Amino acid sequence: MAKVTVDGRTVEVPDGSNALEACRAAGVDVPHFCYHPRLSVVGQCRMCMVEVEGMPKIQASCTVPIRDGMVIHASSEKALAARNATMEFLLINHPLDCPICDQAGECKLQDNAFAAGLPVSRTSEPRRQFPGYDRTDIGPHVVADMTRCIQCTRCIRFCQEIAGTGELTFIERGGHTIVWTHEGRALDNEWSACAADVCPVGALTVKEFRFRKRVWWLEKASSVCDGCDVGCNVSIEHRDRVVHRYLPRVNPEVNDFWICDYGRFRAEGLNGQDFLRPVLRGASGERETNWGEALDSVKGAVDAALAEAGEGSVLALGSARLSTEESWLLARLFGETLKGRAELTVDDGELRRIRNPKARGSFEGFLKGREAAPNSRGAEAAGLVRAGKDSALEKLLAGGPAPRVLYVADAAFTYRVKDPEYVAALRRAPVLVVHARTRNALTDVADVVLPVASLAGKEGTFVNVQGRVQRFDVAIVPPPVVRTDLEVLLHLGRRWGAFDTRWTARDIFERMRGSVDGYAGLEWDAESIVGAPPSVSPAAAYDSLLAEPLSLPELVLPAAPAGGGAK
Ligand code: SF4
Ligand code: SF4
Ligand code: FES
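Owing to the predicted nature of the structure, the values given are computational and were not obtained by experimental measurement.

Peer 1: Would you mind going over the domain arrangement of the protein with me for this structure?
Peer 2: Often, the extent of an interface is quoted as the loss of accessible area on bringing the components together. Entries for the protein in the domain assignment read domain 1 (2-92) and domain 2 (271-546). Using C-alpha coordinates to define each centre, domain 1 is positioned 50 Å away from domain 2.

Have a look at this one:
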């Protein structure tokens, strides 16, 4: 650690920090554009100018390594004049089209112009134009508008240093310099939209979100991507019960500043809701009904199965998309109360990966997912049995004995439900009940469809590939009659006296602490689990200002039994 004095305030900062980070740590906000805690330092924009005692010239603070005893004047007349001059140069070359720019409201140039710019403009000359390089797609997800570029090189460094793909470069020189793709190649990598995230202005924007909503209208909820078991921390941004986008939420232990494009654009899918009321199908056809009749019919079918065929005649299939709390309810109800089986099957899925900060600087340094769903570890810890050889599911699929009632707690639990043969095998159960949000081949043949909310409408915890328990919060209230999986299971369980319908996800989390491996000692309370994770870099002080990472202590699960089981 080194002691540094900034504007008369002395702070201790980790060795390896730079003067900009020291100013941050001292609570002095030095405006900057090109500095980013995870990208190399280039001193490109000259916005972060400060005076440093012992250095004759004014300095770009991001380029100055701190040393013990350093004295920085970040708010001196000379420093402010230098920053004003930089702002003036940038604004001379900027279109100032904030009213029609989709970055407005989250634009660093706007913010810094307010905070560090001159109150009047000394120029009214025509602005630079770049015909052919404005409002142009440069990849599947990113739109470029080079009239707005301030040449900070963040996007170029992101592609080189984080993605490792290097699609972007400067072309032309001097006042004509723009960022573009090498030889017209597309900006097309697994994390391409993160290049727009790091762009401090509206020069790169995300095609799918452009002009959908002014950002100041958006509300935010902390959540976890359910695209794979990396479990990237995201912010669900929404308005009027519509999800508009995911943004990465900084967590250096998991996804750092990034999310993959596949995960990011799952946000759109959260708005789909084909089922708004429970559906019953029978000899007389299909009809919508209320929750009382729907759940009573499930209870009637289960009781009849148990009376006629005895224990083991009911099979529940969980899903690695259910929260651990929901899986716990499913396992308790179908495994313990109803003496049946509660099993789980998971798709391997395409490998997803995210740059892990602990391996910063290495192109091998990725946190890699293994499964196409977020929570198989939590589901197993909660008591669901992974389907494998000799499991009830495998026997059913192989043409063996069918359960009298098959209860599927997520109609989209596997991509295999697109396969008519797979669906036909499940449909061999005389009674098929599914939880569903959107229509698929399984919901088309189910006897009872129970409408449930998306990830955006519920709260709970997932356990990611590292064994890290992560909480996600409610973003939007589901449509009126739609319920969460948790509420459905509570109300169904109450019919056998198993659960109390007043329980919340938090109540169940607290109950699990006594019985689920790894949850002992964990706290649901936001005060204790929302906060900066252990610092991993000299930039940690800066990180904590940018976001509120959400993480719980590491969960250590027992080793998987030998043989594993089919997925
Ligand atoms: S496009 Fe954006 S991130 Fe890239 S150099 Fe220009 S301003 Fe910086
Ligand atoms: S790596 Fe996985 S968890 Fe992260 S954003 Fe992509 S799909 Fe989502
Ligand atoms: S932030 Fe320091 S020069 Fe750009």
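Peer 1: Which parts of the structure should I look at to understand the nonpolar core?
Peer 2: Generally speaking, nonpolar side chains in soluble globular proteins are found buried as a group. With 68 residues, the main nonpolar core has Met146, Phe158 and Leu204 as its most contacted residues. A per-element tally of this core places helix α4 (residues 154-163) first, with six residues. Discounting chain neighbours no more than four positions away, the residues touching Phe158 are Leu39, Ala163, Gly164, Trp191, Cys194, Ala195, Val198 and Trp258. Residues Trp291, Ala320, Leu338 and Ala382 belong to the second largest nonpolar core, which totals 50 residues.

Peer 1: Help me understand the site of ligand 1, please; the structure alone is not making it clear to me.
Peer 2: Taken together, 14 residues form the shell around ligand 1, and within it Cys149, Cys152, Thr153, Cys155 and Cys199 come nearest. Taken together, the residues that form the shell around ligand 1 break down as 11 nonpolar, two polar and one charged.

Peer 1: Please clarify how the confidence of the model for the protein should be interpreted in this entry.
Peer 2: Parts of the prediction with low pLDDT should not have their coordinates interpreted in detail. In this model, the protein carries an average pLDDT of 89, and 91% of its residues clear a pLDDT of 70 or more. Every residue in residues 359-363 scores below 50 in pLDDT, and together they form nine contacts with partners more than four places removed in sequence or on other chains. pLDDT under 50 marks residues 526-558. Its contacts with residues more than four places away, or in other chains, come to 85 contacts.

Peer 1: Can you help me understand the sheet that holds strand β13 (residues 242-248) in this one?
Peer 2: The pairing of strands in a sheet happens through backbone hydrogen bonds and is either parallel or antiparallel. The three strands are arranged β11-β12-β13 in an open sheet whose pairing can be described as antiparallel. Of all strands in the sheet, those with a lone pairing partner are β11 (219-224) and β13, marking the two edges. Going across the sheet, the axis of each strand differs from the next one's by a mean of 30 degrees, ignoring polarity. Across six bridges, the pairing between strand β12 (residues 233-239) and β13 is antiparallel. Paired with Glu237 across the strands is Arg245, a residue of β13.

Peer 1: I would appreciate a short explanation of the packing of helix α7 (residues 291-309) against helix α13 (residues 485-494) in the present structure.
Peer 2: Packed helices, taken two at a time, are described by their axes: the angle between them and the distance between them. Following both chains from N to C, one finds α7 and α13 inclined at 60 degrees, their axes separated by 10 Å at the closest point. By the angle between their directions, the pair α7 and α13 is classed as oblique. Seen along the crossing, α7 lies across α13 with a hand that is right-handed. Within the contact between the two elements, α7 uses Trp291, Leu295 and Val298 and α13 uses Val488, His491 and Leu492. Across the contact of α7 with α13, the residue classes tally to five nonpolar, one polar and no charged.

Peer 1: I tried to follow unusual backbone geometry on my own but got confused; where do I start?
Peer 2: What you tend to see is this: most non-glycine residues have negative phi, and most peptide bonds are trans. A positive phi angle, near 55 degrees, is found at Gln151, a position not held by glycine. Within the fold, Gln151 resides in the loop between β7 (142-144) and α4. Since its relative accessible area comes to 17%, Gln151 is described here as buried. Of note in the backbone geometry, Asp240 takes a positive phi value of approximately 50 degrees without being a glycine. With respect to the helices and strands, Asp240 occurs in the loop between β12 and β13. Exposure remark for Asp240: the relative accessible area of 58% places this residue in the exposed category.

Peer 1: Explain the site of ligand 2 here, please?
Peer 2: Residues in close proximity to ligand 2 include Cys225, Gly227, Cys228, Val230, Gly231, Cys232, Ile259, Cys260, Tyr262, Gly263 and Arg352, which together make up its full environment. A per-class count over the shell around ligand 2 returns seven nonpolar, three polar and one charged.

Peer 1: Explain the layout of surface pockets to me, please; I cannot follow it from the model alone.
Peer 2: Empty space among the atoms becomes apparent when a probe as large as a water molecule is rolled across them. In this structure, the second largest pocket encloses a volume near 900 Å³. Residue lining of the second largest pocket: 39 residues in total, with Arg266, Arg321, Asp410, Ala412 and Arg437 positioned closest to the centre.

Each value, and the rule that gives it
Residues numbered from 1 in each chain as written. Chains lettered and ligands numbered in written order. Predicted model: local features only at pLDDT ≥ 70, side-chain atom pairs only at ≥ 80, totals over all residues. Heavy atoms only, no water. Domains from an automatic or database assignment. Core = buried A, V, L, I, M, F, W, Y, C linked by side-chain atoms within 4.5 Å. Buried < 20%, exposed > 50% of the residue type's maximum accessible area, 1.4 Å probe, protein only. Helix = DSSP H or I, 4+ residues; strand = E, 2+ residues; numbered from the N terminus. Contact = heavy atoms within 4.5 Å. Near = heavy atom within 4 Å. Nonpolar A, V, L, I, M, F, W, Y, C, P; charged D, E, K, R; others polar. pLDDT = per-residue confidence, 0-100. Pairing = 2+ DSSP bridges. Axes fitted to C-alpha atoms, helices over the stretch in contact; angles between N-to-C directions. Parallel < 35°, antiparallel > 145°, perpendicular 65-115°, else oblique. Left-handed = near helix turned anticlockwise from the far one by under 90°. 1 Å grid on protein atoms, 1.4 Å probe; cavity = no way out; pocket = protein on both sides within 12 Å on 5 of 7 lines; lining within 4 Å. Points joined across faces, edges and corners; volume = space filled by probe spheres on them.

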